[in-house]
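Listed below, chain by chain, are the residues.
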Amino acid sequence: MKNLCKQLEHYRQALPEGGILVAVSKTKPAALIRQAYDCGQRDFGENKVQELRAKHEVLPSDIRWHMIGHLQTNKVKYIAPFVWLIHSVDREKLLREIDRQAAKNQRTIPVLFQIKIAREETKFGLSEAAYRDLLEKYRAGEFPHVQLRGLMGMASLTPDKAQVRDEFTRLKALFDELGALLPDIDYLSMGMTGDYDLALAEGANVIRIGSGIFGARD
Ligand SMILES: *Cc1c(COP(=O)(O)O)cnc(C)c1O
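Residues numbered from 1 in each chain as written. Predicted model: local features only at pLDDT ≥ 70, side-chain atom pairs only at ≥ 80, totals over all residues. Heavy atoms only, no water.

(A) Region of interest: the packing of helix α5 (residues 92–104) against helix α6 (residues 128–139). Interaxial distance between α5 and α6 falls to 11 Å at its minimum, and their mutual angle equals 25 degrees. The angle between α5 and α6 places the two elements in the roughly parallel class. Once α5 is placed against α6, the crossing between them reads as right-handed. Between α5 and α6, the residues in contact are Glu92, Leu95 and Arg96 and Asp133, Leu134 and Lys137, respectively. Each residue belonging to the contact of α5 with α6 can be placed in one class, and the counts come to two nonpolar, no polar and four charged. (Axes fitted to C-alpha atoms, helices over the stretch in contact; angles between N-to-C directions. Helix = DSSP H or I, 4+ residues; strand = E, 2+ residues; numbered from the N terminus. Parallel < 35°, antiparallel > 145°, perpendicular 65-115°, else oblique. Left-handed = near helix turned anticlockwise from the far one by under 90°. Contact = heavy atoms within 4.5 Å. Nonpolar A, V, L, I, M, F, W, Y, C, P; charged D, E, K, R; others polar.)

(B) Local environment of the site of the ligand. Close to the ligand lie Val24, Lys26, Ile68, Met154, Met192, Thr193, Arg208, Ile209, Gly210, Ser211 and Arg217, which account for all nearby residues. Contacts to the ligand include Gly210, whose backbone N or O atom sits 2.8 Å from an oxygen atom. Between the ligand and Ser211, the relevant distance is 2.8 Å, taken from an oxygen atom to a main-chain nitrogen or oxygen of the residue. When the ligand sits alone it has 380 Å² of accessible area, and the protein chains cover 90% of it. Among the residues forming the shell around the ligand, the class breakdown is five nonpolar, three polar and three charged. (Near = heavy atom within 4 Å. Polar contact = N/O pair within 3.5 Å; in protein donor to acceptor, adjacent residues only side chain to side chain. Areas by Shrake-Rupley, 256 points an atom, 1.4 Å probe, with all protein chains shown as cover.)

(C) How the structure looks around the side chain of Ser88. Inspection of the secondary structure assignment puts Ser88 in strand β4 (residues 85–89). Judged by its relative accessible area of 0%, Ser88 is buried. At 2.7 Å, the side chain of Ser88 forms a polar contact with the backbone oxygen of Gly69. Leaving out residues up to four positions away in the same chain, Ser88 has contacts with Met67, Ile68, Gly69, Leu71, Leu94, Leu112 and Gln114. (Buried < 20%, exposed > 50% of the residue type's maximum accessible area, 1.4 Å probe, protein only.)

(D) Region of the structure containing the environment of Leu151. Inspection of the secondary structure assignment puts Leu151 in strand β6 (residues 146–153). In sequence terms Leu151 and Leu126 are 25 residues apart; their C-alpha atoms lie 11 Å from each other. Among all residues touching Leu151, those that are not within four sequence positions of it are Leu112, Phe113, Ile115, Tyr131, Leu171, Leu174, Phe175, Leu178, Tyr187, Leu188 and Ser189.

(E) Main features of the state of the cysteines. Tallying each qualifying case throughout the model produces one disulfide. In this model, Cys5 is linked to Cys39 through a disulfide, with the two sulfur atoms separated by 2.1 Å. Across the S-S bond linking Cys5 and Cys39, the dihedral sits near -80 degrees, which makes this disulfide left-handed. In this pair, Cys5 sits in helix α1 (residues 2–12) while Cys39 sits in the loop between α2 (30–38) and β2 (43–46), placing the two residues 34 residues apart along the sequence. According to the relative accessible area criterion, Cys39 is buried, its value standing at 18%. (Disulfide = S-S within 2.5 Å.)

(F) Seen up close, the pairing of strand β8 (residues 206–209). Side chains Val206 and Arg208 project from β8 onto one buried face, and the interleaved Ile207 and Ile209 project onto a second face that is buried too. With four bridges connecting them, strand β1 (residues 20–24) and β8 associate as parallel partners. The partner of Val22 across the bridge, within β8, is Arg208. (Pairing = 2+ DSSP bridges.)

(G) Local environment of the environment of Lys137. Topologically, Lys137 is positioned in helix α6. Residues Lys137 and Gln163, spaced 26 residues apart in sequence, show a C-alpha to C-alpha distance of 31 Å. Setting aside residues no more than four positions away along its own chain, Lys137 makes contact with Glu92, Arg96, Glu142 and Phe143. Polar contacts involving the side chain of Lys137 include one to the side chain of Glu92, which spans 2.9 Å.

Remember, this is a structural readout, not a statement about activity or role.
Structure (structure tokens):
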């Protein structure tokens, strides 16, 4: 418990002013999240809709829930009433459904566009061309119930720090460009337990930390 608070503090103090530490609680029980909550942590990230929903139901209502994983279109409706930020918008069809569900819930849903920065084939995310195309449509007013707040990316899982740094640098450049085009572009979500220090050095202000806070997952 004391250790958990200490770990949270360790990551929090590394953030820039106004930055957010997302405690990634996927696969971890609600009781453990509650302990982190009691340390003062309010931002939690999950990557599965069912799990997010179940935890939301049993945990305090002032938690800000972040959806960070690949999101299926037909599941958006389950999180639309309460999700605080969706980091993983990686295709137009998904954004359309988020917009539709936000309207149904009479709210605006804040989102990040997830950009594919890793060279690995397996990672989700918009290519730069697809990103620009979607951004055009967003700027044209096609998604009135969605508020774009920034970008998210995952770097390659490689010990090559120069490569990871390059990937983060590229995302930061896109983020700065976006910030010059639109208001309310506040969040650059990049960095996990293994690479958050590089991400912060390259300009991240939202980091998503799982194992570094809660220990290894099974
Ligand atoms: C699991 C996950 C994280 C956290 O990973 P750790 O290495 O445990 O810090 C961050 N971002 C996303 C998208 C994840 O799925």
